[in-house]
2 protein chains.
Amino acid sequence: METEKILILKGNIISAPGFGRLELVENGYLVAEDGNITGVFKSLPDRFDGAHVTDCGSAIIMQSFCDMHLHAPQYPLLGLGLDMQLMEWLDTYTYPTEAKFKDTEYAKRVFEAFAQDLIGGGTTRVSVFSSVHNEATYALTEALSRLHVAGYIGKVNMDRSCPDSIREDTAASLRATEEWLERALPNKTLRPIITPRFVPVCSDELLSGLGHIAYRCGLPVQSHLSENIKEIALVRELCPETYGYWHAYERHGLLRRGSLMAHCVYSDLRERNALKENGVWAVHCPCSNMDLSSGIMPVRRFVYEGVNVCMGSDIAGGADLFMPGVIKAAVRMSKLNWIATAQSEPILSIAEAYYLATTAGAKCLGAGAGFAPGDPLHCIVVDDSRISAADEGRPLGERFERLMYRMQPADIIAVWAEGYRVK
Amino acid sequence: METEKILILKGNIISAPGFGRLELVENGYLVAEDGNITGVFKSLPDRFDGAHVTDCGSAIIMQSFCDMHLHAPQYPLLGLGLDMQLMEWLDTYTYPTEAKFKDTEYAKRVFEAFAQDLIGGGTTRVSVFSSVHNEATYALTEALSRLHVAGYIGKVNMDRSCPDSIREDTAASLRATEEWLERALPNKTLRPIITPRFVPVCSDELLSGLGHIAYRCGLPVQSHLSENIKEIALVRELCPETYGYWHAYERHGLLRRGSLMAHCVYSDLRERNALKENGVWAVHCPCSNMDLSSGIMPVRRFVYEGVNVCMGSDIAGGADLFMPGVIKAAVRMSKLNWIATAQSEPILSIAEAYYLATTAGAKCLGAGAGFAPGDPLHCIVVDDSRISAADEGRPLGERFERLMYRMQPADIIAVWAEGYRVK
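Residues numbered from 1 in each chain as written. Chains lettered and ligands numbered in written order. Predicted model: local features only at pLDDT ≥ 70, side-chain atom pairs only at ≥ 80, totals over all residues. Heavy atoms only, no water.

Draft legend 1. Focus on the interface of chain A and chain B. Taken together, the contacts link 49 residues of chain A with 48 residues of chain B. Taken over both partners, the interface formed by chain A and chain B buries close to 3800 Å², and the fraction arising from carbon and sulfur atoms is 53%. In terms of surface lost to chain B, no three residues of chain A exceed Asp-83, Arg-332 and Leu-336 of chain A, which account for 16% of the buried area on that side. Asp-320 of chain A serves as the salt-bridge partner of Lys-328 of chain B, at 2.6 Å between the closest nitrogen and oxygen. For the side of chain A that touches chain B, the secondary-structure elements that each account for two or more residues are α1 (86–99), α2 (104–120), α9 (286–291), α11 (323–340) and α15 (396–406) of chain A. (Contact = heavy atoms within 4.5 Å. Buried area = accessible area lost by both parts, 1.4 Å probe. Salt bridge = Lys/Arg side-chain N within 4 Å of Asp/Glu carboxyl O. Helix = DSSP H or I, 4+ residues; strand = E, 2+ residues; numbered from the N terminus.)

Below is the structure:
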């Protein structure tokens, strides 16, 4: 597959250059050369005279989605066991399912379907957990790379308090990580990220070893933080000498700049400060936080205090892989939070939630804001005619809002990832 | 269109005979004669020997949905203006849109699409609001009747505190209601229901007149109750002599047995008692209550106290017409309620929410529980192969749970309403 020398998309262009700030260009031009964005233009610059223009008609061209926390091997579990809470759900559903990824053929089959579903829904950048298995992790890398999905991928580490079928020996886990990295480090599009599952299933020795590897290779880390009340109590019990959940990572050098910590539902001021000081991203996973009855992350408080926030589906703790569903859930949850806080924490607007699910994730991965010139092209083209049939002629901003509430994967008629057309 | 003399569906049959109680029959038979349910059988009774059997294979045959509170003329508004709250949203979006239904051709076009979308999503019974316009109401009746949708339909009444374009003169409103009823009363499938919009836009004279009509014709009533803090404050201001919001209806004879009051987010003990004593149904509309930042209805408290509860999409205050989306929202909201109440109000299970969205509504309309013998056949057939592709072989109960989280209208491969095949 090749990128096009010059790609010119004509249509209604929407991007989110800032938190809550949308840029709307009606009948504009999005230009990319050799797969990299040249810019968004109201009228086509002279130097592209005579170049082929792909006319998207009245369709909407917008940034594709960044899913910054999700578990690929939990894809088969979507929508299952969600009357449970985190720890029970992990034991009953997640661990037995992840253990099956020892079978690489099974892994290939599942990851192929997962990657197709991801791209079909317009998600082109991720920070994804694999299982503990190296072979499965290679299979996931291949399935995603074929569709030019960019971002981070992590082989999971866990060496205690979990079933034998999925528990690693500490030394073997570290050795496997080194082996995986040897193969993964040259990949510049889907880069490796150190992935201790979470404190309850990782010994100090493992966490410390992973901290050393991350330091030596200059890699970020992804994990879970302060998601569920029982989980937090368990961490306190397991690590009585720490100042807080965050500290159980920090003392092993795992709160590295650019790292990602999912959930942060119950992060106190000290923990939020640790994230901020260390340049760690908090990943808001609203579907998961509802589906596993975890609680409400006060997103706006993080943003206000200057902690970096992006968004994730957290499949299969969250039942929605499709990011507009996650955006809708974030907005809905923020409305209940507004009520729960006696109206002191304002709701998230659709534009704010869209920013968290697009530009915020892209920035975490080193890209610019919105359709930033020089960045590889990541975009989707959405035909909203099905949705607007009963009510045409709305301004572009309203059409965008309606899409976030109502679009389905089938409405996405084209997807570009890393400059390649993949749908 | 004719019903079939004998219809035998073979497949995996799921129904909800009680709150939280599912009846699962694998490879069973659902039989209907002349459009009415004969029963669900593990093996086919001898007397049907030789009759044609429609084999649904591994598909799931289940009760179709009852949407017991929704506004058909708000269909064009789905997903719009939801960063607002109720009163502002009504003024900015709803009233101007509903005013357009004075144009009967427009109404026909919208209602045709609405009815198709409703059936396509497996909703076959409703309690639906039309607009204030009689002609539009006839058009809605026709569009729904062509697809054999059963339940209640109401011409809206409103005579104060709303734009001129939609406000009725009090006497004219009552006269129009009488005219509509003359034409509507003979319809035994889609029956008329008295529909004062809500207290803030209805004068005492109008409410009293409607109370008399309801009494004379023996009709139930549908309206809104205790949805939003500002709305409740307004009612208190407008009706200082009442004991509560419920009393503003009751004193005019509008809390009639079998009536439906949507939302009840802030109903206190006295209001809940008034609903119970009067045999009025509370309609839980979780999507709307989130989307318009209204609040959380403590569903389980209503159920525990013996108040009848069913479920509604409340489009377009709620952005989802598709009832599995409403079921998912109800469960998610109940999980946040569990947290907000310091874990004192247990979550709604998927099975409980499904009951509220099926059997509860059917009972409100006079039908039995589950697939009750003698009732007109209302059912859907769902092919979950798309959803289960990565994880086959789950027990039927888990497949059902996964469907509630993940199904899309396209997964519904057949729909029967009032015994007629309509999809």
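Draft legend 2. Seen up close, the sheet that holds strand β3 (residues 36–41) of chain A. All names here are of chain A. Pairing in this open sheet of seven strands is mixed, and the strands run β3-β2-β1-β4-β15-β16-β17 from one edge to the other. The sheet is open, and its two edges are formed by β3 and β17 (420–421), each paired on a single side. With two bridges connecting them, strand β16 (residues 412–417) and β17 associate as antiparallel partners. When the sheet's bridge partners are listed, Trp-416 is paired in β17 with Arg-421. α15 contacts β1 (6–18), β2 (21–33), β4 (54–63) and β15 (379–382) of the sheet and is inclined by roughly 65° relative to β4. (Pairing = 2+ DSSP bridges. Axes fitted to C-alpha atoms, helices over the stretch in contact; angles between N-to-C directions.)

Draft legend 3. Representation of α1 of chain A. A maximum bend of about 35° is found in α1 of chain A at Tyr-93 of chain A, where proline Pro-96 of chain A lies one to four positions downstream. Burial in α1 of chain A covers these residues: Leu-86, Trp-89, Leu-90, Tyr-93, Thr-94, Tyr-95, Thr-97, Glu-98 and Ala-99 of chain A. (Bend = angle between axes of the 7 residues up to and from the residue. Buried < 20%, exposed > 50% of the residue type's maximum accessible area, 1.4 Å probe, protein only.)

Draft legend 4. The arrangement of the sheet that holds strand β5 (residues 65–71) of chain A in detail. Residues and elements named next belong to chain A. Ordered in space as β5-β6-β7-β9, the four strands form an open sheet in which the pairing is parallel. Of all the strands in the sheet, the pair left with one neighbour each is β5 and β9 (190–192). Averaged over all adjacent pairs, the angle separating strand axes in this sheet is 25°, with direction ignored. Of the strand pairs in this sheet, strand β7 (residues 150–154) and β9 are connected by three bridges, and their pairing is parallel. Within β9, the position partnered with Gly-151 by the bridge is Leu-190. Taken strand by strand, α11 contacts β5 and β6 (123–129), and its axis lies near 85° from that of β5.

Draft legend 5. Structural view of the nonpolar core. With 272 residues, the main nonpolar core has Phe-114 of chain A together with Phe-114 of chain B as its most contacted residues. Excluding residues that lie within four positions of it along the chain, Phe-114 of chain B makes contacts with Leu-70, Ala-72, Tyr-75, Val-128, Leu-140, Leu-144, Ile-315 and Leu-321 of chain B. (Core = buried A, V, L, I, M, F, W, Y, C linked by side-chain atoms within 4.5 Å.)

Draft legend 6. Here's a closer look at the packing of helix α3 (residues 134–146) of chain B against helix α4 (residues 170–184) of chain B. All names here are of chain B. Running from N to C, α3 and α4 cross one another at 25°; their axes reach a closest spacing of 10 Å. Overall, the two elements α3 and α4 adopt an arrangement that is roughly parallel. The handedness of the crossing between α3 and α4 comes out as right-handed. Contacts from Asn-134, Thr-137, Tyr-138 and Glu-142 in α3 reach Ala-176, Glu-179, Trp-180 and Arg-183 in α4. A breakdown of the residues in the contact of α3 with α4 according to their chemical character gives three nonpolar, two polar and three charged. (Parallel < 35°, antiparallel > 145°, perpendicular 65-115°, else oblique. Left-handed = near helix turned anticlockwise from the far one by under 90°. Nonpolar A, V, L, I, M, F, W, Y, C, P; charged D, E, K, R; others polar.)

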